[in-house]
Amino acid sequence: MRKPSKSKRAPKGKSFRWFLFAVFSVLLFVTLAAGAVLFAFYVQIDRSLPSIEALKNYHPPLVTSVYSSDGELIAEFFTERRYLVPLDTLPRHLINAFIAAEDTRFYEHRGVDLIGIFRAMLKNIQAGEIVQGGSTITQQVVKSLLLTPERTFTRKIKEALLAYRIDNSLSKNQILTLYLNQIYLGAGAYGVEAAARTYFDKHASELDLAESTVLAGLPKAPSRFSPINRFPVARERQRYVIQRMVDSNLITPEEARKALAEPLRFSKPKRWAVKELDYFTEEVRRQAEARYGRDALYKEGLTIYTTLDSRAQRIAEKALDQGLRELDKRHRKYRGLHVNVPKNDWPSALRVLVKSNGELAEGKVVAGLIRSYDPKTQTCVLDLGRQQTAVIPPAGWQWAQFSTKRAEKVFAPGDMLRVKLLKRQGDNTWVCSLEQDPNMEGALMSISPATGAVICMVGGRDFHKSQFNRCTQAVRQPGSSFKPVIYAAALEKGYTEASILIDSPISFTDSVGRVWKPANYDRQFWGPILLRKALINSRNVVTVKLLQAIGVHYVIDFARRLGITSPLTPTLSLALGASGVTMSEMLTAYSAFPSQGERVEPYLIEKVFDRYGRLVEAHQAQREQSISPQTAYLVTDLLQGVVQEGTGKRARELGRPAAGKTGTTNELKDAWFIGYTPTVLTGVWVGYDDHTVSLGKGETGGRAACPIWVYFMKEYLKDKPVETFAIPEGIIFARINSESGAMATASQPGTVYAAFAGSPPTGRTPPPSDEPQTESFDPQDGQYPTQHEPPKPSAGEDFFKSDLF
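These remarks concern the structure in this document.

1. Some thoughts on the overall build of the chain
For step 1, the next point in the chain: The helix and strand inventory of the chain stands at 23 helices and 26 strands.
For step 2, the next point in the chain: Look at the contacts in the chain between residues 6 or more apart in sequence, and 69% of them connect residues 24 or more apart.
For step 3, the next point in the chain: Looking at the chain as shown, the accessible area adds up to about 37,900 Å², and 53% of this sits on carbon and sulfur atoms.

2. Side note on the environment of threonine 31
For step 1, the next point in the chain: Structurally, threonine 31 can be placed in helix H1 (residues 6-48).
For step 2, the next point in the chain: For threonine 31, the side chain forms a polar contact with the main-chain oxygen of leucine 27, separated by 2.7 Å.

3. A look at the side chain of threonine 751
For step 1, the next point in the chain: In this structure, threonine 751 sits in strand S25 (residues 751-757).
For step 2, the next point in the chain: Its relative accessible area of 18% is what places threonine 751 among the buried residues.

4. Regarding helix H9 (residues 209-216)
For step 1, the next point in the chain: Where burial is concerned, most of H9 is hidden: eight out of the eight residues are buried.
For step 2, the next point in the chain: Within H9, the full set of buried residues consists of Leu209, Ala210, Glu211, Ser212, Thr213, Val214, Leu215 and Ala216.

5. Regarding the sheet that holds strand S11 (residues 441-447)
For step 1, the next point in the chain: Sheet architecture is open: five strands sit in the order S12-S11-S23-S22-S21, paired in antiparallel fashion. Because the sheet does not close on itself, it has two edges, and the strands there are strand S12 (454-458) and strand S21 (659-664). Geometrically, the sheet is characterised by an average inter-axis angle of 5 degrees between neighbouring strands, direction not taken into account.
For step 2, the next point in the chain: Bridge analysis of S11 against strand S23 (residues 681-687) gives seven bridges, and the strand direction is antiparallel. Within the sheet, the bridge partner assigned to isoleucine 447 lies in S23 and is leucine 681.
For step 3, the next point in the chain: In the packing of helix H22 (residues 629-645) onto the sheet, contacts are made with S21 and strand S22 (670-676), and the angle to S21 comes to roughly 65 degrees.
For step 4, the next point in the chain: In the packing of helix H23 (residues 701-716) onto the sheet, contacts are made with S11, S12, S21, S22 and S23, and the angle to S22 comes to roughly 35 degrees.

6. So, the sheet that holds strand S18 (residues 605-609)
Neighbouring strands of a sheet are bound in pairs by backbone hydrogen bonds; such pairs are parallel or else antiparallel.
For step 1, the next point in the chain: Reading across from one edge, S2-S1-S5-S18-S19 is the order of the five strands in this open sheet, with mixed pairing throughout. Each having just a single partner strand, strand S2 (73-77) and strand S19 (615-618) make up the two edges of the open sheet. When the angles between neighbouring strand axes are averaged without regard to direction, this sheet yields 15 degrees.
For step 2, the next point in the chain: Strand direction decides the pairing type here: strand S5 (residues 303-306) and S18, joined by four bridges, are antiparallel. Residue pairing in the sheet places tyrosine 305 in a bridge with lysine 607 of S18.

7. Description of the pairing of S12
For step 1, the next point in the chain: Within S12, five of the five residues are buried, which leaves the element mostly enclosed by the surrounding structure.
For step 2, the next point in the chain: Inspection of the sheet shows S11 paired to S12 by four bridges, in the antiparallel sense. Following the sheet pairing, methionine 445 is matched in S12 by methionine 457.
For step 3, the next point in the chain: The hairpin formed by S11 and S12 contains six residues between the paired strands, and glycine 452 there has a positive phi angle of roughly 90 degrees.

Reading guide: rules and limits
Residues numbered from 1 in each chain as written. Predicted model: local features only at pLDDT ≥ 70, side-chain atom pairs only at ≥ 80, totals over all residues. Heavy atoms only, no water. Helix = DSSP H or I, 4+ residues; strand = E, 2+ residues; numbered from the N terminus. Contact = heavy atoms within 4.5 Å. Areas by Shrake-Rupley, 256 points an atom, 1.4 Å probe, with all protein chains shown as cover. Polar contact = N/O pair within 3.5 Å; in protein donor to acceptor, adjacent residues only side chain to side chain. Buried < 20%, exposed > 50% of the residue type's maximum accessible area, 1.4 Å probe, protein only. Pairing = 2+ DSSP bridges. Axes fitted to C-alpha atoms, helices over the stretch in contact; angles between N-to-C directions.

Next up, the structure:
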């Protein structure tokens, strides 16, 4: 056989080399092209990456905390409930618990843990579900602070790159600080400090190992592992975290056993919603937002210290509720809840009742489900849930004056009732009284007359149902509670307590023939009367004449000096408090009387600090000498007479020096009492939000508002020393005849002590004629009352059915 020649084999080897060259060239080209594409992709991603410089100046949204004057946390405002805490304040076992649960190789990797990713993948395959994550703590910081939450391949690459850069730019402790303050842990809590307060009602620095491992189990799925809503699942997650700590040699097996045996006590998470706030904190929120802006209030972690006395606030809320319920019952109109629950639905209804009623306590008003009613004993039995029974004896519902038939209808089994828990009988039974929520509203506000600090503010019966603040927003006629302003103006013009005024009929006719005849509440006229007696007994006609004598515009200017800013109608009806004002304005005006003539503006915010503890604002007391010290004391002396012998006699129950004035508007639509001791000034208003609705027959300021004032002041001042009003220089006291105002001796009958600025009267002032007077007036001269008598009244009938007093 012939061998092939070399010349024929050579082309074949050459072709193979060319083939290899071609393949290598293609591979090289593809590699270079891919590299170029990857480089371009990297450049594009790199350019789109956010800067990590912001992490070096970590500035997250923080909670603004509001505190009372006695240090009680009363409100929080936030978009994210977070409190910034340094790492060195946190217990080591808390930090280790999070590291064990989320990133055991945290101190070993450079931001991305490839070994951890592979290990987590194997664990998840073995478990048949996701039990471990591959993201490091650094990557979680990136996801939370620098990237959007979408799940894409590009975002995952960005996350890894940023994690690597962060790990090279920040220390491990700095990364942990970011993580433990930023991470969301459920129930509205961001960061470990907020979570510790939310779940355990303590600071993160106070958490033990068992509590720390519960929190460390939350980042993966806060809702799923919630210890409040899904405790068994959370318990299993805690065991997992503890085992991871043991496996990582962060705790010993003995420590693990103790942690698992430790009982867990959870607190109810606070949402700080409307039902947790009140009128005072809402007013603080409104003022703070107006001063600093919404972002600062909700994101900048301000610390706001207020003037509120939290004990006084609770007393005020209880006093207002008690007074309104008493007023409602006086008119004996039971309205009921008008809800009947079918028997099959009783178990579910009782579960709702248990939740809505909360903890049962004496004096609390709760809802109950009627089980039975016995017509013979006239006793109603209710179920309050949780094996708690309520019994309403006849004395507990007879205020409603039901007939026998009506009682059987009202107490039908399955009906829902509101009852007040009076006392407990045994472990499971309560003696109760029938209750209903009043329809009328009320307000109570108390301040320090020396500084203007608002001690408490209750702007309505139920903040949850109505956030309208009747202390600061409601403009209502003050009735006779405005009279001290007029009498103070008269005293400044030279009138004295012994000045003689005439309580006699008077009428005014305008240019078109309309007639206004002011009247007294008792429809009588007392003839010559001392100025002192006129104010103490709140005589209307005398006050109208006094206003006419000193001038309407003079009184309006005087009211402005006292701090009243609302529009005041320049008419004689101003004498009867016919121009609307706010309670806050009235307290401002009254603040001058116990404070030697210096008025103060009510304020709520004492100090404000920023997130770094730097002082932002501190209230500066603003005192203005509005009237002379002597005039201020004379008014106080007169208003003490109102309490001791006039329309405010109910306030004598206080048992210490007090001054005040009642106020009732036309047709009993508003009832007021504004009164004070040397250190506390409190105003009470009662009425309907609908200005056309009357409180009912006899519901004057002395009957509807004054008792609420007494309930509050008596309880609030019970442990405080009794004080007397300071008497300024130039004030003297003299005994005068209670009819003529002339100087008198102790042996003479019908005498009273009166205060004077300067010298007392030297003799009897002849009273002016007490003949009925008829005046004509021109509205342009500011003498046109806002209310008039019809052109043809019936004989002896005044226009006002119930005059203001």
